[in-house]
Amino acid sequence: MVQQVAKESVGTKGNHKRTTIFTYTHTKRTDIEEDIRSLQLDSAEENNGVVNPGDARPEEVEVVDKMEEDSEEVQAVSQPVHPEPKVKHKEVSAVEDAESQQETEGNNKRHLNVVFIGHVDAGKSTTGGQILFLSGQVDDRTIQKYEKEAKDKSRESWYMAYIMDTNEEERIKGKTVEVGRAHFETETTRFTILDAPGHKSYVPNMISGASQADIGVLVISARKGEFETGFEKGGQTREHVMLAKTLGVTKLLLVVNKMDDHTVNWSKERYDEIESKMTPFLKASGYNVKKDVQFLPISGLMGLNMKTRVDKSLCPWWNGPCLFEALDRIEITPRDPNGPFRMPIIDKFKDMGTVVMGKVESGSVREGDSLLVMPNKAQVKVLAIYCDDNRVRHAGPGENLRIRLSGIEEEDILSGFVLSSVAKPVAAVTEFIAQLQILELLDNAIFTAGYKAVLHIHAVVEECEIVELLHQIDLKTKKPMKKKVLFVKNGAIVVCRIQVNNSICTEKFADFAQLGRFTLRTEGKTVAVGKVTELPTGSRICWENMCLPVRARTSSLGCGTGLKVPPTVGALLRIPRG
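Read on for an overview of the structure. (Residues numbered from 1 in each chain as written. Predicted model: local features only at pLDDT ≥ 70, side-chain atom pairs only at ≥ 80, totals over all residues. Heavy atoms only, no water.)

With respect to topology, six strands assemble into an open sheet ordered E4-E5-E3-E6-E7-E8, the strand pairing being mixed. Because the sheet does not close on itself, it has two edges, and the strands there are strand E4 (180–185) and strand E8 (293–297). Sheet twist, expressed as the mean angle between neighbouring strand axes with direction ignored, is 25 degrees. Pairing geometry for strand E3 (residues 110–117) and strand E6 (residues 215–221), over four bridges, is parallel. Directly across from Val-114, in E6, lies its bridge partner Ile-215. (Pairing = 2+ DSSP bridges. Helix = DSSP H or I, 4+ residues; strand = E, 2+ residues; numbered from the N terminus. Axes fitted to C-alpha atoms, helices over the stretch in contact; angles between N-to-C directions.)

Our focus in this paragraph is helix H10 (residues 268–284). The first and last C-alpha atoms of H10 sit 25 Å apart over 17 residues, in line with the 24 Å expected at 1.5 Å per residue. Its axis deflected by about 25 degrees at Met-278, H10 carries its strongest bend there, up to four residues before the proline Pro-280. Taken as a whole, H10 has its buried residues at Arg-270, Tyr-271, Ile-274, Met-278, Thr-279, Phe-281 and Leu-282. On its buried face, H10 sits against E6, helix H8 (226–231), helix H9 (236–246), strand E7 (251–257), helix H11 (289–292) and E8. (Expected span 1.5 Å × (residues − 1). Bend = angle between axes of the 7 residues up to and from the residue. Buried < 20%, exposed > 50% of the residue type's maximum accessible area, 1.4 Å probe, protein only. Contact = heavy atoms within 4.5 Å.)

Time to look at the packing of aromatic side chains. A complete count under the given rule lists nine aromatic pairs for this structure. Their ring planes at 70 degrees and their centres at 6.0 Å tell us that Tyr-271 and Trp-318 sit as a pair that is edge-to-face. Placement of Tyr-271 in helix H10 and of Trp-318 in the loop between E8 and helix H12 (323–329) is noted, with a sequence separation of 47 residues between them. Since its relative accessible area comes to 4%, Tyr-271 is described here as buried. Centroid distance Phe-432 to Phe-518: 5.8 Å. Interplanar angle 70 degrees. Geometry classified as edge-to-face. Here Phe-432 is found in strand E18 (residues 427–438), whereas its partner Phe-518 is found in strand E24 (residues 517–522), with 86 residues between them in sequence. You can call Phe-432 buried: its relative accessible area is 1%. Through pairs of rings, three or more aromatic residues link up here, namely Phe-184, Phe-191 and Phe-324. Over the face of the ring belonging to Phe-231 we find Arg-238, whose NZ or CZ atom lies 4.5 Å from the ring centre. (Phe/Tyr/Trp six-rings, centres within 6.5 Å; stacked < 30°, edge-to-face > 60°. Lys NZ or Arg CZ within 6 Å of the ring centre and 35° of its normal.)

Glancing now at a nonpolar patch on the surface. Together, Ile-446, Leu-486 and Phe-487 line one region of the surface with nonpolar side chains, adding up to about 330 Å² of accessible area. Among the secondary structure elements, Leu-486 is positioned in the loop between strand E21 (460–473) and strand E22 (487–488). (Patch = residues over 30% accessible without salt bridge, like charges linked within 9 Å, V, L, I, M, F, W, Y side chains within 5 Å. Areas by Shrake-Rupley, 256 points an atom, 1.4 Å probe, with all protein chains shown as cover. Salt bridge = Lys/Arg side-chain N within 4 Å of Asp/Glu carboxyl O.)

Considering the arrangement of structural elements, one finds Glu-273 in helix H10. Note on Glu-273: relative accessible area 28%, which makes it partly exposed. C-alpha separation for the pair Glu-273 and Ala-222, spaced 51 residues apart in sequence, amounts to 9.7 Å. Of the polar contacts made by the side chain of Glu-273, one reaches the side chain of Arg-270; its length is 3.3 Å. (Polar contact = N/O pair within 3.5 Å; in protein donor to acceptor, adjacent residues only side chain to side chain.)

Our focus in this paragraph is the side chain of Ser-421. Relative to the elements of secondary structure, Ser-421 occurs in strand E17 (residues 418–421). From its side chain, Ser-421 meets the backbone oxygen of Lys-424 in a polar contact 3.1 Å long. With sequence-adjacent residues up to four places away left out, Ser-421 is seen in contact with Pro-340, Phe-341, Arg-342, Leu-371 and Leu-372.

With seven of eight residues buried, E3 is to be regarded as a mostly interior element. Where E3 lies against strand E5 (residues 189–195), seven bridges are found, and the strand directions are parallel. Residue pairing in the sheet places Leu-112 in a bridge with Phe-191 of E5.

Looking now at the packing of H9 against H10. One can describe the packing of H9 onto H10 by two numbers: an axis separation of 10 Å at closest approach and a directional angle of 35 degrees. Here H9 and H10 pass one another in a crossing that is right-handed. Facing Thr-237, Arg-238, Val-241 and Met-242 of H9, the residues of H10 in contact are Met-278, Phe-281 and Leu-282. Among the residues making up the contact of H9 with H10, the classes are represented as five nonpolar, one polar and one charged. (Left-handed = near helix turned anticlockwise from the far one by under 90°. Nonpolar A, V, L, I, M, F, W, Y, C, P; charged D, E, K, R; others polar.)

Take a look at the structure:
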């Protein structure tokens, strides 16, 4: 007779029960020990080798019990435990957060764009190259290569500039043409150097670089005659300062370079002379010299007073900071990471899709976000984000990014287009009201209705026309004059209506300063600076409701309403172009 008894045991987690079946075989005892032993062995074979504990000797029962306990422990350990779904999601989320934190680990420092401006041959590229060398971005072998290359061209002092001036044309002429870009870091800040050209023929490129900058470094040559050439009427020192202030560079480091020159020899008198002449001009340009401007002497070629303070044996009168310390101490107004996304596009190319480059002026972006490319209203999706050649999952304001997009072709994007949030897109207009300050008109020119110039606003370069002068601003009271204005002269402030040929992206200066300030240039000369004060009604697209802006760069309904629709919509509706 065979009887099976079930025994339940609880697992280690208390969630799962395990059932172990013990088989007891009762046999009829005989008086012969050998028969009993034989029956026990037979019963063990029938039950897969399990010996009856009741019939075994005491020591055998102890061994069996011990084996049974060990078996239970092994089964308890090997028994799979099924976690709850919530726990699994938390673990996955934690892993993703860790990966995201690891990818953006290098971005915990603040980031600033610093533009180097000043007159031609002041030493901007040399200073930028020396910064990269001192911060470890360029090795000694590369420097030796540039030294040999410069010596072969009989330009021994240009070798540091070769770090920034990578174009062969720039190296031959010794003049920066395009805005150079490089990166370096200090203990608290990541910097992007924007090396702007100093020659007056390349001022549009300088404007492009300064429009992306957070702070500026105005490089002035202390060499006898060079400072005077840049500062006199028509010199680029003056124009660069005015343009920098207009383009939103509110903090300025004024470095007096070439202090090691034999005509200067770290002279305090020469340094004080330059400071005394520049201070009134900086105040007239709108800078608060005490709060927003700092002067310091350096030698860009020799790297003195840059990463470490200059030795007292060379310059005993200087007790201020070095260049790196001054850059680290600059504080700027923080941007809003939760605001509507705005990134003016400065360049684009193809690389496994369409890639756009620009600086985030407002808001944040993440992989997978849906955005709009304005003013052509193309809805795109963010596939990948790159910050300083590192791929990141998200990025905030102030960062220089390369963003790979889907939903648009590279040839459909132009410099000056703006990558914008869908909920609050940037305005697209062909006409706006602006307040202008006239700087210096060309000879025999009259600023009146019909005046034409080239408009520079963020990354946009567009021809424009002054349609109407609305009123002039009194320079003393800062209030509009009642008298109707027909024309204005140099130095005047006027409110006017400006029209452009193609739709551009802009914002009111009061709402978004970086997209609302601009300059007017004609024949290679800056004639006016201004800010957008009003935008036409209906200029902002409401994507969810499909309300399209007036005067967009699209086809018209042709029925006198002025409403514009995209060409594809017009084709579907079979509406002829107006």
